Amino acid sequence: MKLLFVSLGCDKNLVDSEEMLGLLTGNGFEIVDDETEAEAIVVNTCCFINDAKEESVNTILEMAEYKKTGSCKVLVVTGCMAQRYKQEIIDEIPEVDAVLGTTTYDSIIEAVEEALGGEHMLKCEDIDRLVLTNAKRMLTTGGHYAHLKIAEGCDKHCTYCIIPKLRGNYRSFPMEKLVKEAEELAAQGVKELILVAQETTLYGTDIYGKKSLHLLLKELCKIKGIRWIRVQYCYPEEIYDELIQTMKEEKKICHYLDLPIQHCNDEVLKRMGRRTTKAELIEKIKMLRKEIPDIALRTTLISGFPGETNEQHEECIEFVREMKFDRLGVFPYSEEEGTKAADYPEQIDMEIRRRWADEIMEAQQEVIFAQNETLVGKTYKAIVDGYLPQDNVYVARTYRDTPEIDGCIFFQVPYEIVSGTIVTLLVTDAKGYDLIGEICSEEDDE
């Protein structure tokens, strides 16, 4: 049976999609990319912010049309939006045959088969269940890098965030399961592992009684074929000494951390339900840069949170200039029903939220452009992501860059290089967010 799969949202959702694809292909489904050919369509949705919700709704409606005009007999909706609006989807989009939530996606085969038999499946119960499948993931990232989801859910309950209500409490995956999955990924040719969760720094606290991310990292570093290991989503207040020490000792671990801080003003942070102060953030950032001098720090900010004043916004801009983050993203605040912040008074006009986001990014642009100029003349190991034939250049990333999110380094060679090859590049020029390089050498495999 020919099946089209549409995956929306974050990298954690992408891992779920790849597991579903593994289950489907392992049961004889043929994956296609032409909507008109597909006999079954699965949409794995996101609804973290309003823009993501709109994209999910529009995609479902677009795919629903192929039940009228194409070969599609079955339409299944999964993921966060399915969990959140399960009954509304069934009631308002009659073309949808099955709805699976965030912890029931392992029922995908059953859902498709029942739909073919005329039955409708609505399965979104028990959001604290931990999904453990034996499926061989079907990688969608090109093959040389993959995300490894080490935990599910979140216990933080920030006032703006709906995730705990959609994905449940924090649950770590057992270490042996993760090591086995990483070994299988390495056997498929994966060289870069990107560790993801709603929060990676708390890994193991629920099943081992203590923070165990450093222990997991040590085990993953032993896997032959894995060359780079990148850690995402580390809440600054949870970063601990053993983690830093492991990053310093293990050569495979990229000197890169994602610290989602959201703001710097103490009053705004408190209303957000965050557990840090501005002084603590500054102290943590300084400590990381002292302990690991070449560390690349990425962060995420929210602009226009309810009650935020222009002075607090300006404080955030100045903080960005002072801290000089290596990578930074900004989201205009999105009020999500069911969250505490959605009921706060003093909701700020969306036009102002977006303008403030632009102003923060302008300040960050100044930081990055100046910083990139200082990289000219330096050499870096980089992993090749692909080739752009229209420009006759190869695209690579250094340890400072997460795929699909951060910058790139472009270079030319008169011969073919396979994606996933690790090369040494001399930075010869800086072009805004990206770099230009010359190849010095290629690195042998382990």
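Preceding this paragraph is the structure being described.
Residues numbered from 1 in each chain as written. Predicted model: local features only at pLDDT ≥ 70, side-chain atom pairs only at ≥ 80, totals over all residues. Heavy atoms only, no water.

Caption draft 1: Looking closely at the packing of aromatic side chains. Under the definition given, this model contains nine aromatic pairs. Seen in terms of ring centroids, Phe369 and Tyr433 are 5.3 Å apart; in terms of plane orientation they differ by 75°. Their pairing is edge-to-face. Here Phe369, found in helix 14 (residues 350-375), pairs with Tyr433, found in the loop between strand 18 (422-431) and strand 19 (434-442); they are 64 residues apart in sequence, far enough to count as distant. By relative accessible area, Phe369 is classed as partly exposed at 30%. Here the aromatic rings of Tyr380 and Tyr399 are separated by 6.4 Å at their centres, their planes lie at 45°, and the arrangement is tilted. With Tyr380 in strand 15 (residues 379-388) and Tyr399 in the loop between strand 16 (393-398) and strand 17 (409-411), this pair connects stretches of sequence that are 19 residues apart. A single burial state applies to Tyr380 and to Tyr399, both of which are buried. What links up through ring pairs into an aromatic cluster is the set Tyr160, Phe305, Tyr333 and Tyr344. If you follow Lys177 out to its NZ or CZ, it ends over the ring of Phe173, 4.4 Å from the centre. (Phe/Tyr/Trp six-rings, centres within 6.5 Å; stacked < 30°, edge-to-face > 60°. Helix = DSSP H or I, 4+ residues; strand = E, 2+ residues; numbered from the N terminus. Buried < 20%, exposed > 50% of the residue type's maximum accessible area, 1.4 Å probe, protein only. Lys NZ or Arg CZ within 6 Å of the ring centre and 35° of its normal.)

Caption draft 2: Representation of the environment of Tyr66 in the model. Mapped onto the fold, Tyr66 is located in helix 3 (residues 66-69). With 102 residues separating them in the primary sequence, Tyr66 and Gly168 have C-alpha atoms 33 Å apart. Residue contacts for Tyr66: discarding those within four places in its chain leaves Glu35, Thr36, Ile41, Ser71 and Cys72. (Contact = heavy atoms within 4.5 Å.)

Caption draft 3: View of the nonpolar core. Core analysis: the biggest nonpolar cluster contains 58 residues, and Ile150, Leu193, Leu195, Leu213, Leu216, Leu220 and Leu257 have the highest contact counts within it. Tallying contributions element by element places helix 8 (residues 175-187) first for this core, with six residues. Excluding anything up to four places from it in sequence, Leu195 contacts Leu148, Ile150, Thr200, Leu213, Leu216, Leu217, Leu220, Ile229, Arg230, Val231 and Gln232. Counting 26 residues, the second-largest nonpolar core is a separate cluster that includes Ile60, Ala64, Tyr85 and Val96. (Core = buried A, V, L, I, M, F, W, Y, C linked by side-chain atoms within 4.5 Å.)

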